[in-house]
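# Examination of the molecular architecture
Residues per chain are reported as follows:
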Amino acid sequence: MTVAIVGTSGAVGQEFLRVLDERNFPVDELALFGSSRSAGRGYNFRGKSYAVKELKHNDDFKGVDVAFVSAGGGTSVEFAETITKHGTVMIDNSSAFRMDDDVPLVVPEVNPEDALTRPRGIIANPNCSTIQMVVALNVIEKLSHIRRVYVSTYQASSGAGAAAMEELVKQCGQASRGEDIVVEKFAYQLAYNLIPHIDVFTENGYTKEEMKMYHETRKIMHSDIEVSATCVRVPVMRSHSEATWVETERHIGAEEARRAFAEAEGIVLQDNPAGKEYPMPLFVAGKDPVYVGRIREDLANPNGLTFWTVSDQIKKGAALNAVQIAEYLIKAGDL
């Protein structure tokens, strides 16, 4: 199989290389693409060195079976036809196509079969916060239909890229030395602070990040589920956390939910309050699953359930989810 990665030099591009190797994905030929700035850089994969080629409008994707694309929405839109015109399956990590009716939006634990119908040859990878949430929500949905969700996210600095992680490290050092804090990447200092603002604000007062969670969840789950989100940037390096409250059609006890989470695909149950065991981003970074804990019945609603999830947003929230989509297509004989 011939595999391409577009946006190789970015954090998600690098994660693609690691995930493909970890999961022993069948890569016979590998093609790496990037901007003119990245062209010529060399990366090792399974003992062989590969040079990044500049992404251009040509026939470089002829013979490529699947392309994992993480180079920004503008690049995805501009090069989609170039990537797919010879039959390449494009799995796109940007928000460019997520809500297009003719592009499936897929989380393999929830709606893998949607990937089989792709009129434009494109499959969209959802927002990282949405992926983490719907993996958990799907477990509850199988027990009883979810009417509404309230969620607060606690999103790591790495969700804004490598430069954001570097800024957090620098700010912590500046604060410890009593120096002036330099703010460039975020609207405010992130070190020792929380910023309740991710992406731009929309007319209804929610940010685009929060609205993504609303619209994407409904599309992925094929549901009339209502989602109200508050997305917060926190001074964490890697892995997003989410506090989630759901209202279901029937009462679901905490033990019933706990059993369902324990048996679910792609989830690790970590819920032992007596032993102070619950998911935390420090220990989830680099891991594949969505970790679930703090499961309890909501005191304010007889059909309410609340729980806490943590997942590595660069891994499961981006590269791993895309690779799992490709693995499903291979298993289905469609790649």
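Structure: see above.
The subject of this paragraph is the overall build of the protein chain. A tally of helices and strands in the protein chain yields eight helices and 13 strands. The dimensions of the protein chain, computed from C-alpha atoms along their principal axes, are 60 × 55 × 40 Å. Expressed as a percentage of the 335 residues in the protein chain, the buried residues total 53%. When contacts within the protein chain are restricted to residue pairs at least 6 apart in sequence, long-range pairs at least 24 apart make up 66% of them. When the accessible surface of the protein chain is summed, it comes to about 14,800 Å², and 49% of that surface belongs to carbon and sulfur atoms.

Attention shifts here to a nonpolar patch on the surface. A cluster of nonpolar side chains, contributed by Y278, M280, L282 and F283, occupies part of the molecular surface with about 410 Å² of accessible area. Residue classification places Y278 among the partly exposed residues on the basis of a relative accessible area of 31%.

The next thing to look at is the environment of S152. Checked against the element boundaries, S152 lands in strand β8 (residues 146-155). Owing to a relative accessible area of 26%, S152 belongs among the partly exposed residues under this scheme. Once the C-alpha coordinates of S152 and W245 are considered, the two residues, 93 residues apart in sequence, prove to be 9.1 Å apart. In this view, S152 contacts T230, S241, E242 and A243; residues no more than four positions away in its chain are not counted.

All right, on to the sheet that holds strand β13 (residues 304-311) then. The pairing of strands in a sheet comes from backbone hydrogen bonds and takes either a parallel or an antiparallel form. Read from one edge of the open sheet, six strands run β9-β8-β10-β13-β12-β11, paired in mixed fashion. Of all the strands in the sheet, just β9 (226-233) and β11 (267-269) have a single pairing partner and so form its edges. Here the strands of the sheet are splayed against their neighbours by 25° on average, with no regard to which way each runs. Across eight bridges, β8 lies against β9 in parallel orientation. Considered in β9, the bridge of R148 is made with E226. Sheet contacts for helix α5 (residues 208-221): β8, β9 and β10 (240-248); angle to β9, the most-contacted strand, approximately 145°.

It is worth spelling out helix α2 (residues 73-84) at this point. In this model, α2 (12 residues) spans 16 Å end to end at C-alpha, consistent with the 16 Å of a helix rising 1.5 Å per residue. When α2 is considered as a whole, its buried residues turn out to be S76, F79, A80, T82, I83 and T84. In the core, the buried residues of α2 are packed alongside β1 (2-6), β5 (66-69), β6 (89-92) and β7 (122-124).

Right, let's talk about the side chain of S239 for a bit. Secondary-structure assignment places S239 in the loop between β9 and β10. Side-chain polar atoms of S239 contact the backbone nitrogen of A285, separated by 3.3 Å. Setting aside anything within four residues of it in sequence, one finds S239 in contact with Y154, A156, S158, P281, V284, A285, V310, S311, D312 and Q313.

The next subject is the nonpolar core. Within the largest apolar cluster, 54 residues are counted, with the highest numbers of intra-cluster contacts made by F61, L137, I140, V149, F261 and F307. Counting residues per element, this core draws most heavily on helix α3 (residues 128-141), at eight residues. When residues no more than four places from it in sequence are discounted, the contact partners of F261 are A136, V139, I140, I267, L269, V292, I295 and F307. Of all hydrophobic cores here, the second largest spans 32 residues; its members include V52, V66, V106 and I314.

Below, the discussion takes up unusual backbone geometry. A positive phi angle is found at N24, which is not glycine, with a value near 55°. The residue N24 is located in the loop between α1 (11-22) and β2 (29-34) in this model. Located in the positive-phi region is Y192, a residue other than glycine, with phi close to 60°. Locating Y192 in the fold gives a position in the loop between α4 (162-176) and α5.

To continue, consider the side chain of S76. Summarising the element assignment, S76 is placed in helix α2. Of the residues examined, S76 reaches a relative accessible area of 1% and is grouped as buried. Engagement of the side chain of S76 in a polar contact is seen with the side chain of D92, the distance being 2.5 Å.

Moving on, we get to the sheet that holds β6. Taking strand neighbours across the sheet as the criterion, the seven strands line up as β3-β4-β2-β1-β5-β6-β7 in an open arrangement whose pairing is mixed. The sheet is open, and its two borders are formed by β3 (42-45) and β7, each paired with just one other strand. The sheet shows a mean angle of 25° between the axes of neighbouring strands, direction not considered. Taken together, the five bridges between β1 and β2 define a ladder with parallel strand orientation. Within the sheet, the bridge partner assigned to V6 lies in β2 and is F33. Strand contacts of helix α8 (residues 315-331): β5, β6 and β7, with the helix running at about 150° to β6, the strand carrying the most contacts.

What counts as what
Residues numbered from 1 in each chain as written. Predicted model: local features only at pLDDT ≥ 70, side-chain atom pairs only at ≥ 80, totals over all residues. Heavy atoms only, no water. Helix = DSSP H or I, 4+ residues; strand = E, 2+ residues; numbered from the N terminus. Buried < 20%, exposed > 50% of the residue type's maximum accessible area, 1.4 Å probe, protein only. Contact = heavy atoms within 4.5 Å. Areas by Shrake-Rupley, 256 points an atom, 1.4 Å probe, with all protein chains shown as cover. Patch = residues over 30% accessible without salt bridge, like charges linked within 9 Å, V, L, I, M, F, W, Y side chains within 5 Å. Salt bridge = Lys/Arg side-chain N within 4 Å of Asp/Glu carboxyl O. Pairing = 2+ DSSP bridges. Axes fitted to C-alpha atoms, helices over the stretch in contact; angles between N-to-C directions. Expected span 1.5 Å × (residues − 1). Polar contact = N/O pair within 3.5 Å; in protein donor to acceptor, adjacent residues only side chain to side chain. Core = buried A, V, L, I, M, F, W, Y, C linked by side-chain atoms within 4.5 Å.

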